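Architecture at a glance
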Amino acid sequence: MYELLFWKYEEGIYLNHHEVYEALCEQQFVDGLETIPTAVIINRIAGLFSKWERVDENSWKNTSGPGAFHVITTLQSIKIDCYGTEGKTMDVLANALEEFQCPLYDPQVPVRYDGNE
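Residues numbered from 1 in each chain as written. Predicted model: local features only at pLDDT ≥ 70, side-chain atom pairs only at ≥ 80, totals over all residues. Heavy atoms only, no water.

Section: the nonpolar core
- Judged by nonpolar contacts, the single largest core of 23 residues is most densely connected at Phe6, Ile45, Trp60, Phe69 and Ile80.
- If you tally residues by element for this core, the top one is helix α3 (residues 87-98), at five residues.
- Among all residues touching Ile45, those that are not within four sequence positions of it are Trp60, Phe69, Val71, Ile80, Leu93 and Leu97.
- Counting ten residues, the second largest nonpolar core, distinct from the first, contains Leu5, Val30, Leu33 and Tyr105. (Core = buried A, V, L, I, M, F, W, Y, C linked by side-chain atoms within 4.5 Å. Buried < 20%, exposed > 50% of the residue type's maximum accessible area, 1.4 Å probe, protein only. Helix = DSSP H or I, 4+ residues; strand = E, 2+ residues; numbered from the N terminus. Contact = heavy atoms within 4.5 Å.)

Spelled out as C-alpha cells, the structure:
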C-alpha cells in the first residue's frame, strides 16, 4: 500500500507536516487547517476514474490494468490508500487535489509538495 494525503493550510499557517499527517490519520481535528469540500472532491475523482470499477462509495479498481485505491475523508483531509497503483495514476489523483489547493503530502518520503519544501 502507498499512502497519499492532502490538506489545505489556513492563510499564513505552516505546521509540521508529519505531525499534521499523524493527527489526520487518527481523524483528529487540526487547528490551522481549512475545511475542504470532500464531497465535491470525491465527485471529481469519480469523474476522472469513470472507466474504473467503483467498488463502493470510496473505492475504485482498475479493471483493465493494475491498481486500486480507497479514499478516506475527514472534514480537513483526503487520504488515498493506493494498492498496486501506477505512478501516473497517483499523479492524476495529486493533480485533481491541486485543483482544490490541497497539495500532496507523501508520508513515505516524507515530503509535502506545496512549493515550500
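Remarks on the pairing of strand β1 (residues 2-7)
- Across the six residues of β1, five count as buried, placing the element largely inside the fold.
- Strand direction decides the pairing type here: β1 and strand β5 (residues 77-83), joined by six bridges, are antiparallel. Within the sheet, the bridge partner assigned to Trp7 lies in β5 and is Ser77.
- Of the strand pairs in this sheet, β1 and strand β6 (residues 104-106) are connected by two bridges, and their pairing is antiparallel. Opposite Leu5, over in β6, you have Tyr105 as the bridge partner. (Pairing = 2+ DSSP bridges.)

Considering the confidence of the model for the protein
- Of all residues in the protein, 98% attain a pLDDT of 70 or more, and the chain-wide mean is 95.
- Within the protein, the lowest mean pLDDT, 94, falls on strand β7 (residues 111-112), and the highest, 98, falls on β1. (pLDDT = per-residue confidence, 0-100.)

Digging into the packing of aromatic side chains
- Evaluation of the coordinates by the stated rule reveals eight aromatic pairs.
- With 6.0 Å between their ring centres and 80° between their planes, Trp7 and Tyr9 make a pair best called edge-to-face. Comparing Trp7 with Tyr9 shows no difference in burial state: the two are buried.
- Aromatic side chains Tyr21 and Tyr105 sit 5.6 Å apart centroid to centroid with 45° between the ring planes, which places their arrangement in the tilted category. (Phe/Tyr/Trp six-rings, centres within 6.5 Å; stacked < 30°, edge-to-face > 60°.)

Regarding the pattern of salt bridges
- Scanning the entire structure with this criterion turns up seven salt bridges.
- Salt-bridge contacts for Lys61 lead to Glu53; the nearest nitrogen and oxygen are separated by 3.7 Å.
- The exposure class assigned to Lys61 is partly exposed, which follows from its relative accessible area of 39%.
- What makes Glu53 partly exposed here is its relative accessible area of 36%. (Salt bridge = Lys/Arg side-chain N within 4 Å of Asp/Glu carboxyl O.)

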